[in-house]
Every structure is written in C-alpha cells, then in structure tokens.
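# Summary of structural features
What follows is each chain in one-letter form.
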Amino acid sequence: MSYLRLEKAVMTNLQESLRREFLRTNRSGAYSSSTLVDCNTRKYHGLLVVPVPELDDDNHVLLSSLDCTVIQHGAAFNLGLHKYQGNNFSPNGHKYIREFDATTVPTTTYRVGGVVLKKEVIFQHYEDRILIRYTLVEAHSATTLRFRPFLAFRSVRQFTHENNTASREFSQVDNGIKTCMYAGYPDLYMQFSKKNEFIFQPDWYRGVEYPKEQERGYASNEDLYVPGYFEMPIEKGESIIFSGSTSQIKTSSLKALFDEEVGERVPRDNFYHCLVTAAHQFHKREKNNDRYLLAGYPWFKSRARDTFIALPGLTLSIGEVDYFEKVMKTAEKALREFMDEKPVTGKLYEVEQPDVPLWAVWAMQQYAKEVGRDKCFEMYGKLLQDIVRFILDGKHPNLRLDENGLLYSNGRDKAVTWMNSTANGRPVVPRSGYIVEFNALWYNTLKFCASMAAEKGDVKGAEKVEAIAAKVKASFVDTFVNEYGYLLDYVDGNMMDWSVRPNMIFAVALDYSPLNQQQMKSVVDICTRELLTPKGLRSLSPKSGGYNPIYVGPQTQRDYAYHQGTAWPWLGGFYMEACLKLYKRSRLSFIERQLVGYEDEMDYHAIGTISELFDGNPPFNGRGAMSFAMNVAEILRTLQLMDKYSYQK
C-alpha cells in the first residue's frame, strides 16, 4: 500500500480535501501549490508561481490553474474546482476523483462513466516549468480533452480584477500559445506534447474566493482571466503532456523530459523520505550560483537565523555535506559584510539580528561533529575566531558584553529574538536585556571555540576564552536559575520574566551547558509537564499569564497568539535532543512516540511536510505557512540523533 495515498471518501469530502495542500518547487524560488483537489484556497496558490526580479522581490502567480474537461458523445465533464463568492463551488470536478497518490509523483485518478483519466504533476528542476501528464487509462468511445487556463499575472500578495489594461494578445508557438497580460512580466508559454486546436474565447471569471485569506482577515476574492481553451482527441493508453513555463520548449522533448524528472525524484514511501524531499524544497539557487535556504513556503524568504538553525538538519542529517558548505559560503559572505559594517549584498535577510552569529557558530559546531573538527577548523576556523572577536570587541550594534560576561540586547522597542511578532509597531513579547537562549548560545560558543583553539595549539587564546566562559557560567546560573527549577526567560535590570517558555531548553540541549546535571533535569521536567505537545513545545505554558494557544483570526489577533502558547516542532527537536543527552538510550522509545505526532502530519495538512506552527491545545491543528524549514530540519536531526544513540552501548 502506498505511503501517501488518499481514497475517494477523503478526496470527495471537501471538508477533508480542502485542508490538504501540495507543494512542488524547482530549487530556484518558483513553486506550484494548491489543495489536493486543485481548488485554490490561498492567494499564494497557483499552478505556476515564479519570481520576477525585474518587478520586485516577491513571487508572482502567472498560471493560477488549468481546468481539464473530458468530452464524450458531446457531453462535457469538467474536472476543475473553484470556490466563488457566496460559498459556491463550481464545477465540482472533485466528485470524479477516485484516488490521490503522492508517493513518487502526485497523481490523481478520475473516473467519469467509462473513462478513467490519470493526472501526474511535476515541477522541472531549476526551470520555471510545470509539467502535467494526462493518461487515458480506460475509455470505451472517442474521447476529447479540453483545457482552460486561468491566468492571474500578479504578486502573491495582491489580487487581480477585471480591467481594460490586461492584454488579450497571444501568439501561436509549437503546439500551444504564448501570452503576457501586463508589461514587465515574462511571457507565459502553454504548450502540449500533441498538436491541438486553441479556441480564442477571452473572458473573466469573476468572484473567485480564497477561504484561507478570509480566515486570516484579509481581502479574499479576485477575477481571473481565461483567454480561451485548448482541445485535442486522446486515445486509450495515450499520454498528453502539458507544459506551462516562462520559456518555450520543443514539444517533441516533453515526454522524455517528464520521464527524466520522474527518475530524479526520491519516492516518498516512508516518513524519512518525505522529510528528505521536503528538505530539498527549501533549496534556492540564484543565477550567480549563491545558495540559500528558504525559511518556508509559500511566503517566507531566506532569513539568517532560520538558515543557521535549519542548515544542519536539512543537509548534514541527510548526508549532504556539500550543500551545507555551499549555503555556508553564501551566508559567510553576508555575515562578514555585516561584521565589517558594509551593506549586506545578496538575499540573506535579517543578518543584523543579535543572535545570528551565535547560531552560525552552532551550525558550524554541528558540521564539526559530522565531518571532524580538523575539517571544520580548516573550513571555518577563521570565521569562528572572527565572530568571537566581533562580540568581545563590542562591535555588534545590539549585543553588549557586560562585566559579568553575559550578553545584553535591547528588545523593548523592536523584536530581536525568534519570538518576533509585533502589534501596533511594538513587540508582542518584548524580550530584552539578558535573554536566556542568547546567553546559553554564548556560553556554548565560547566553550566550543576554546576547545578548537586548544586543539590547534593556541593555548594562550584558549585559556583567555575559557576564563570568559567560566564567568558566563557563574553569571548565567545566578541570573536565570530560579527557586522553582526553571529558567527566567529574560532579565533586564529589575525586570524579570517569570513566564515558563521553551527558550530555556537550549541551555540543556546545546553541547556545552552552563547548568549542572540536576538543573538540566529540572528544566527538562518542567518543559515536559507544561510545554510538551505532540507537535513540539508550546511557546508559553498554560499556567502563565497571557496564554493564547489558538492561532486564528485577523492579523492582529494572530500576532497576539503567535508566541503565546502555540506549539513549534523545531523547539521539540531541541527538547528531544536534551532528553537524549540526559537519559541516553532509555528515552529512545519516548522519542519514537513523540515522532508519531509529526508523522501524522504527512498526509494531513501539506502533504509530506510540516506546517509552520500548531495550536497549543487539542486537536493541535496546523497553522501558518504550509511548510517550515526549521521544523523539517529539527525532525531530521532528531532522527539522526536517535540512530546515533541506538548504536551506543
């Protein structure tokens, strides 16, 4: 039985099928996404969504969808589905679906009377091209297929509406047409592997509605332009391939190209392979060969903190050391530009956040464990030294080294940690002063760099850094450990945040901890009792004031819930690492049970990947972005850690 297979009962029930989304990417920033029944429910959904750097830094929906109609004996059966204003769904093509299988290539099987039609969809690697193969599996009489494209030509953050500016012009190309609705956009080429007839019948389909945007309190409807339709006969056993792209292709090559792309795919036949495929979807290669990790889909860009946290899990944990090095090379350039007070070039954002250099060291530390400390020193020894010197010399504009050895950061007016939601221009969680994970990372940085220096014969340098680390350790315990057995979240003068939050878990999970064994166990115990869910750690304990675990509603309402009780799988990764660190193999079965909560997501929200965050209360619904890099990364890293501990005696 297929690992990712959904039957008719699920697919024809819109309450079930509309909540399930798919995501296909091409490693260059473009993507294709919708629900499993091809009914777009977000403004970010589209069959071909591509960056248009000539216009802005956003992605743009060119081809919103492609309706396929089966025609026999003059009767037309439209397999498409759209939601229109007034809760109207049309033309209800989902009722013909018999099954959906995403094990290798996302495949939908339709049955219309005696006709069985199979549709397989794939995104070409490194090309802005969506490929769809239609195969007539069964038919008892002459059959014709009609394809009606719905065009948007707009940013993923906007909507399009009927207007007189949109161009209706098109040109015939090899087995298809090319068209462009607005100046500044690339041409959209729609071609088939078989000769066809294009019927020019321009019209606007008005009032298309996106319920996910309604839920989020945004505008939610638009009009889509349909230039006409393509029509062609198809024989039993025949396959026809559609190509939607920003470049023309020789249509005689489409069948070979489709087979080639299928051959490169890793079958999603188990939990691990799903995560590996999801990990690859975050890859982004620029034309200058810079390599990035997108923070998530569909709206995130490459963010520095997310990159360094996700990098080990998305690369080292699956044996892809080379991609780690490529991403780190690009990221190092941005880091050095920032540390040298030069404008940051490239497309790695938020490099200025104060904990970014500390997370960079953590990522390199994971590299050292994977490939060896000698290799790590060879590749990144100078960068490690420069980061520590940068912080010790007080050159970071928002990272002050105090006499007690702790790092101080001002986050009262602007969010500076991963808990970065804002409302009315102010941080919802104004974490400021001595921030617990900043200083846990700082201690880990100092100890790691001191040990590397000692191994390379720099005894004097190692001793100097060790002395600072000893001061940090004493101050950390004095500042953050409280009489209730957990850690304060941040301390700013007389202001102490007593909220039970997950940020204290880093002080246990990191290789070098300023806490003793008993203190670490106490932190893990409280995280287990108050923060642990099947989907990761809550961002706030239900016992703490302001607990708000359901991430729904308009923007402001969601901002106030974003870090006030919602559950985050990537935090669960560090929690599980802390458990294994403290209890070794005795916690393996417990960790396996925790991972079941993540595996359940493989066919529930976005197929084969992990959502951005989850409600902190049952039933722990997935929310936010459909796929989130740090979540996928930490689950992969946990699986790797489990393997290592399984083989330890």
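The coordinates are above.
Predicted model only: the values in this text are computed from it and were never measured. (Residues numbered from 1 in each chain as written. Predicted model: local features only at pLDDT ≥ 70, side-chain atom pairs only at ≥ 80, totals over all residues. Heavy atoms only, no water.)

The secondary structure content of the chain amounts to 17 helices and 35 strands. Radius of gyration (C-alpha) of the chain: 26 Å, near the 26 Å computed for a compact globule of 649 residues. Each of the 649 residues in the chain was classed as buried or not, and the buried ones make up 63%. Here the contacts in the chain between residues at least 6 apart in sequence split such that 65% fall between residues at least 24 apart. When the accessible surface of the chain is totalled, it reaches about 24400 Å², and 48% of it is carbon and sulfur. Charged side chains in the chain number 78 positive and 79 negative. The centres of these two groups are separated by 2 Å. (Helix = DSSP H or I, 4+ residues; strand = E, 2+ residues; numbered from the N terminus. Rg over C-alpha atoms; globule rule 2.2 N^0.38 Å. Buried < 20%, exposed > 50% of the residue type's maximum accessible area, 1.4 Å probe, protein only. Contact = heavy atoms within 4.5 Å. Areas by Shrake-Rupley, 256 points an atom, 1.4 Å probe, with all protein chains shown as cover. Lys, Arg positive; Asp, Glu negative; His and termini not counted. Charge placed at Lys NZ, Arg CZ, Asp CG, Glu CD.)

Before going further, it helps to spend a moment on unusual backbone geometry. A negative phi angle characterises most non-glycine residues, just as the trans form characterises most peptide bonds. The step from S90 to P91 runs through a cis peptide bond, and the omega angle for that step is 0 degrees. Assignment of secondary structure puts P91 in the loop between β8 (88-90) and β9 (97-101). The step from Y297 to P298 runs through a cis peptide bond, and the omega angle for that step is 10 degrees. With a phi angle near 65 degrees, E350 is a residue other than glycine that sits in the positive phi range. Within the secondary structure layout, E350 lies in the loop between α7 (321-339) and α8 (356-371). Overall, E350 belongs to the partly exposed group, its relative accessible area being 28%.

Residue position: L384 is located in helix α9 (residues 373-392). In this structure, the C-alpha to C-alpha distance between L384 and L399, residues 15 residues apart in sequence, is 17 Å. Among all residues touching L384, those that are not within four sequence positions of it are V361, M364, F448, C449 and M452.

Here we take up the side chain of R265. By the element assignment, R265 lies in the loop between α4 (254-263) and α5 (271-281). Looking at R265, its side chain comes within polar contact range of the main-chain oxygen of F123, at 2.4 Å. Within polar-contact distance, the side chain of R265 engages the backbone oxygen of E261 at 3.0 Å. The contacts of R265, once residues within four sequence positions are left out, are T104, I122, F123, Q124 and H125. (Polar contact = N/O pair within 3.5 Å; in protein donor to acceptor, adjacent residues only side chain to side chain.)

Let's shift gears to helix α16 (residues 588-599). Between the first and last C-alpha of α16 there are 16 Å, a value that for 12 residues agrees with the 16 Å anticipated at 1.5 Å per step. When α16 is considered as a whole, its buried residues turn out to be L588, F590, I591, Q594, L595, G597 and Y598. The arc that holds every buried residue of α16, seen down its axis, measures 155 degrees, which confines them to one face. Where the residues of α16 are buried, they touch α5, β30 (532-533), β31 (536-538), α15 (569-583) and α17 (629-646). (Expected span 1.5 Å × (residues − 1). Arc of directions from axis to C-beta.)

An order of β27-β28-β29 is seen for the three strands of this open sheet, with the pairing classed as antiparallel. Looking along the sheet, the strands with just one partner apiece sit at the ends: β27 (434-435) and β29 (495-496). Note that β27 and strand β28 (residues 490-492) share two bridges and pair antiparallel. Note on β28: the bridge partner recorded for Y434 is V491. (Pairing = 2+ DSSP bridges.)

Counting residues in each nonpolar core, the largest one holds 212 residues, and the members touching the most others are L314, M364, W570 and Y575. Element by element, the count of residues in this core is highest for helix α10 (residues 436-455), at 11 residues. Ignoring anything within four residues of it in the chain, the contact list for L314 reads A279, F282, L293, E320, A629, V632, A633 and L636. One finds V105, I122, I249 and L254 within the second-largest nonpolar core, a separate group that totals eight residues. (Core = buried A, V, L, I, M, F, W, Y, C linked by side-chain atoms within 4.5 Å.)

This part covers the state of the cysteines. What we call a disulfide is simply a covalent bond connecting the sulfur atoms of a pair of cysteines. Within this structure, the stated rule accounts for zero disulfides. Of all cysteine sulfurs in the structure, the one in C39 sits closest to C68, which takes part in no disulfide; the separation is 16 Å. (Disulfide = S-S within 2.5 Å.)

So, about the sheet that holds strand β11 (residues 115-123). Note: strands within a sheet are paired through backbone hydrogen bonds, in either parallel or antiparallel orientation. Read from one edge of the open sheet, nine strands run β1-β9-β10-β11-β12-β19-β16-β15-β14, paired in antiparallel fashion. Across the chains shown, the open sheet's two edge strands, defined by having one partner strand only, are β1 (5-7) and β14 (170-173). Adjacent strand axes in the sheet meet at a mean angle of 15 degrees when their direction is disregarded. Inspection of the sheet shows β1 paired to β9 by three bridges, in the antiparallel sense. What sits directly across from L6, in β9, is F100. Contacting β11, β12 (129-138), β16 (188-192) and β19 (239-245), α4 crosses the sheet at an angle of about 100 degrees to β12. (Axes fitted to C-alpha atoms, helices over the stretch in contact; angles between N-to-C directions.)

Moving on: the packing of aromatic side chains. Tallied over the full model, the rule gives 38 aromatic pairs. When the ring of Y551 is compared with that of Y562, the centres are 5.4 Å apart and the planes differ by 35 degrees; the resulting orientation is tilted. One end of the pair, Y551, is in the loop between β31 and α14 (555-561); the other, Y562, is in the loop between α14 and β32 (567-568), and 11 residues separate them in sequence. Each member of the pair Y551 and Y562 is classed as buried. The aromatic ring of F574 is capped on one face by R637, whose charged end is 5.1 Å from the ring centroid. (Phe/Tyr/Trp six-rings, centres within 6.5 Å; stacked < 30°, edge-to-face > 60°. Lys NZ or Arg CZ within 6 Å of the ring centre and 35° of its normal.)

Attention now goes to a nonpolar patch on the surface. A contiguous nonpolar surface patch, about 330 Å² in accessible area, is contributed by Y484, M496 and W498. Structurally, M496 is set in strand β29. By relative accessible area, which is 39% here, M496 ends up partly exposed. (Patch = residues over 30% accessible without salt bridge, like charges linked within 9 Å, V, L, I, M, F, W, Y side chains within 5 Å. Salt bridge = Lys/Arg side-chain N within 4 Å of Asp/Glu carboxyl O.)

Sheet faces and side chains relate simply in a regular strand, where the side chains alternate between the two faces. For β12, the buried fraction is high: eight of the 10 residues fall into the buried class. Bridge analysis of β11 against β12 gives eight bridges, and the strand direction is antiparallel. The partner of K118 across the bridge, within β12, is T135. Hairpin connection of β11 to β12: five residues between the antiparallel strands, including Y126 at a positive phi of 60 degrees. Of the strand pairs in this sheet, β12 and β19 are connected by seven bridges, and their pairing is antiparallel. The residue bridging I132 from the neighbouring strand is F242, located in β19.

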